[in-house]
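This is what each chain is made of:
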Amino acid sequence: MAKLSILRYPDPRLYTVAKPVETVDDRIRKLVADMAETMYAAPGIGLAATQVDTHLQVVVIDTSEEHNDLRVFINPVIVSADGMAIHEEGCLSVPGIYDKVTRAERVTVQALDADGKSFTLEAEGLMAVCVQHEMDHLLGKVFVQYLSTLKQSRIKNKLKKRVLETM
Ligand code: NI
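Trainee: What is the right way to look at the overall build of the chain in this model?
Mentor: Assigned secondary structure in the chain consists of three helices and seven strands. Relative to the globule expectation of 15 Å for 167 residues, the C-alpha radius of gyration of the chain, 15 Å, shows essentially globular dimensions. Reported as C-alpha extents along the three principal axes, the dimensions of the chain are approximately 45 × 40 × 30 Å. Taking all 167 residues of the chain together, the buried fraction comes to 43%. A fraction of 64% describes how many contacts in the chain between residues 6 or more apart in sequence connect residues 24 or more apart. Surface summary for the chain: the accessible area is close to 9100 Å², and the carbon and sulfur share equals 52%. Separation between the mean location of the 20 positive side-chain charges and that of the 23 negative ones in the chain comes to 10 Å.

Trainee: When you look at helix α3 (residues 149–165) in this model, what are you seeing that I'm missing?
Mentor: Every α-helical turn comprises 3.6 residues, leaving residues that sit three or four positions apart pointing alike. Here α3 is 17 residues long and its end C-alpha atoms lie 24 Å apart, about the 24 Å a rise of 1.5 Å per residue gives. Along α3, the residues that are buried comprise Q152, I155 and L159. The arc that holds the buried residues of α3, viewed along the axis, is 60 degrees, so those residues lie on one side. Opposite the packed face of α3, turned more than 90 degrees from it, sit the exposed residues L150, R154, K160, K161, L164 and E165.

Trainee: Sorry, what's going on with the coordination of the nickel ion here?
Mentor: On the protein side, the nickel ion has C91 (SG), H133 (NE2) and H137 (NE2) as donor atoms, found 2.1 to 2.2 Å from it. Read in sequence order, the donor residues coordinating the nickel ion give the pattern C-x41-H-x3-H. Taken together, the residues C91 in the loop between β4 (85–89) and β5 (99–103) and H133 in helix α2 (residues 125–138) connect sequence positions 42 residues apart. A residue is classified by how much of its surface remains accessible, and C91, at 10% relative accessible area, is buried.

Trainee: How do you make sense of the nonpolar core when you look at a structure like this?
Mentor: Within soluble globular proteins, side chains that are nonpolar tend to cluster in buried spots. Counting 17 residues, the largest nonpolar core has I61, F73, M127 and V131 as the members making the most contacts within it. For this core, the secondary-structure elements that each account for two or more residues are β2 (58–61), β6 (106–112), β7 (118–124) and α2. Of all the elements, α2 adds the most residues to this core, at six residues. Not counting residues up to four positions away in its chain, the partners in contact with F73 are Q57, V58, V59, I61, V109, A111, L112, F119, L121, M127 and V131. With 15 residues, the next largest nonpolar core counts L31, L47, L56 and V60 among its residues.

Trainee: Looking at this structure, how should I read the pattern of salt bridges?
Mentor: Two side chains with opposite charge may pair up if their charged atoms get near one another. If you walk through the whole model with that rule in mind, you get ten salt bridges. Its salt-bridge partner being D82, residue R106 comes within 2.5 Å of it at the nearest N-O pair. Here R106, found in strand β6, pairs with D82, found in strand β3 (residues 71–82); they are 24 residues apart in sequence, far enough to count as distant.

Trainee: So what exactly am I meant to see when it comes to α2 here?
Mentor: Taking 1.5 Å of rise per residue, the 14 residues of α2 would be expected to cover 20 Å, and the 21 Å separating its terminal C-alpha atoms lies within 8% of that figure. Counting buried positions over the 14 residues of α2 gives twelve, a clear majority of the element. Of all the positions in α2, only M127, A128, V129, C130, V131, Q132, H133, E134, M135, D136, H137 and L138 are classed as buried.

Trainee: What am I meant to see in the side chain of D34 here?
Mentor: Relative to the helices and strands, D34 is located in helix α1 (residues 26–41). On the basis of relative accessibility, which here comes to 5%, the residue D34 falls in the buried class. Look past the residues within four positions of D34 in its chain and what remains in contact with it is M1, A2 and L4.

Quick notes on the rules
- Residues numbered from 1 in each chain as written.
- Predicted model: local features only at pLDDT ≥ 70, side-chain atom pairs only at ≥ 80, totals over all residues.
- Heavy atoms only, no water.
- Helix = DSSP H or I, 4+ residues; strand = E, 2+ residues; numbered from the N terminus.
- Rg over C-alpha atoms; globule rule 2.2 N^0.38 Å.
- Buried < 20%, exposed > 50% of the residue type's maximum accessible area, 1.4 Å probe, protein only.
- Contact = heavy atoms within 4.5 Å.
- Areas by Shrake-Rupley, 256 points an atom, 1.4 Å probe, with all protein chains shown as cover.
- Lys, Arg positive; Asp, Glu negative; His and termini not counted.
- Charge placed at Lys NZ, Arg CZ, Asp CG, Glu CD.
- Expected span 1.5 Å × (residues − 1).
- Arc of directions from axis to C-beta.
- Donors = N, O, S within 2.8 Å, 3.2 Å for Na, K, Ca; no water.
- Core = buried A, V, L, I, M, F, W, Y, C linked by side-chain atoms within 4.5 Å.
- Salt bridge = Lys/Arg side-chain N within 4 Å of Asp/Glu carboxyl O.

Encoded structure:
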């Protein structure tokens, strides 16, 4: 396994639309293992392949407190969604920035697991937020794009300043 580097907003590669995985093979399982290691090390509760500059429809999520419940979503599709909920979100690609985003309260997602087996998950609460947030990454969308353009430019300036400070 290897830790991967995470793209930082506003890196234009984050706007890439991910392609479906054709075959869940060892190459994909290695990607999943590396993504999980990267997510746990960050630490974070979700990571999309887009964020590690691999433009395939692969997401890993672990919302458990003990960090022992890894969920893998390959080629995920939301088959139903209802309700509306507002949660404060953050993102490993937008470090230190948190803001409120409105999303569906509950979603039913269909995907393949790391063995290539199809499964359906009914998600609510944090898992529902996470699934929608990570699936947005696969569409080339970062959560700050839901915020006002003023907020977005403030966030860009803040992140740019921080990069300069750490150089
Ligand atoms: Ni994110």
